[in-house]
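Chain by chain, the residues:
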Amino acid sequence: MSKKQKTNAVRKIEQQNIAFDIIEYELTGDQVDGVTVADKIGYPVFVVYKTLLVTAGANKHFVCIIPVHKELDLKAVAKVVGEKKVELLPLKELQPTTGYIRGGCSPIGMKKLFPTWIDASAESLDFILVSGGRIGLQLKLSLQDFLQLTNGRIATIIKM
């Protein structure tokens, strides 16, 4: 990966001297959903995680990392983060809040380190894949390294 193409996520991981793999891919059309990405890069959907931001009002943002084929349980997230109610961050607020765009939002290297939760389904995995900070870039790293990079915590946050 050339220096010009490095994202904040890649720079942050390199600064921490954490082992990771970069997986690049090309998408045709505007399908940036995680299931399409998993298929494109040849990994099963249960190891490819998507980044979703939720909010509980002004300046109360939380990052949720879940398998690409699953749905976020907003009630479970609200309970985990100690709020009465959370909702998905409106798309128009994603880039100003995180520095990333839809389809390329990495949980690593956002403008600010928000409280981060990854679904408990990741606990049994040797590695996970998350967005690398732009469309066409995935990062493969261990769960322990991911938790270290994001100060992440584990909770059940998907709909059963």
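Each value, and the rule that gives it
Residues numbered from 1 in each chain as written. Predicted model: local features only at pLDDT ≥ 70, side-chain atom pairs only at ≥ 80, totals over all residues. Heavy atoms only, no water. Buried < 20%, exposed > 50% of the residue type's maximum accessible area, 1.4 Å probe, protein only. Helix = DSSP H or I, 4+ residues; strand = E, 2+ residues; numbered from the N terminus. Arc of directions from axis to C-beta. Contact = heavy atoms within 4.5 Å. Disulfide = S-S within 2.5 Å. Pairing = 2+ DSSP bridges. Lys, Arg positive; Asp, Glu negative; His and termini not counted. Salt bridge = Lys/Arg side-chain N within 4 Å of Asp/Glu carboxyl O. Polar contact = N/O pair within 3.5 Å; in protein donor to acceptor, adjacent residues only side chain to side chain.

Bringing helix 2 (residues 34-41) into the picture now. Side chains of residues three or four places apart in an α-helix project in the same direction, reflecting 3.6 residues per turn. Burial in helix 2 covers these residues: Gly-34, Val-37, Ala-38 and Ile-41. One side of helix 2 carries all its buried residues, which in axial view fall inside an arc of 100 degrees. Those residues of helix 2 that are buried are in contact with strand 1 (21-24), strand 6 (128-131) and strand 7 (137-141). Where helix 2 ends, the next residue or the one after it, Gly-42, has phi of about 80 degrees, a positive value.

As a further point, take the state of the cysteines. Tallied over the full model, the rule gives zero disulfides. Summary of cysteine pairing: Cys-64 is not part of a disulfide, and the nearest cysteine sulfur, belonging to Cys-105, is at 11 Å.

What follows deals with the sheet that holds strand 4 (residues 87-88). Judged by pairing direction, the sheet is mixed, and its five strands sit side by side in the order 4-2-3-5-8 without closing on themselves. In this open sheet, the two edge strands, each paired with only one partner strand, are strand 4 and strand 8 (153-155). Relative to strand 8, strand 5 (residues 116-119) is paired through three bridges, and the arrangement is parallel. Its bridge partner being in strand 8, Ile-118 is matched across the sheet by Ile-154.

What follows concerns the side chain of Asp-119. Note that Asp-119 resides in strand 5. Of the side chains bearing the opposite charge, Lys-70 lies closest to the buried Asp-119, which forms no salt bridge; the N-O distance is 7.9 Å. For Asp-119, the side chain forms a polar contact with the side chain of Ser-121, separated by 2.8 Å. Looking at Asp-119, its side chain comes within polar contact range of the main-chain nitrogen of Ile-158, at 3.3 Å. Those residues in contact with Asp-119 that lie beyond four places of it in its chain are Ile-65, Ile-66, Pro-67, Ile-154, Ala-155, Thr-156, Ile-157 and Ile-158.

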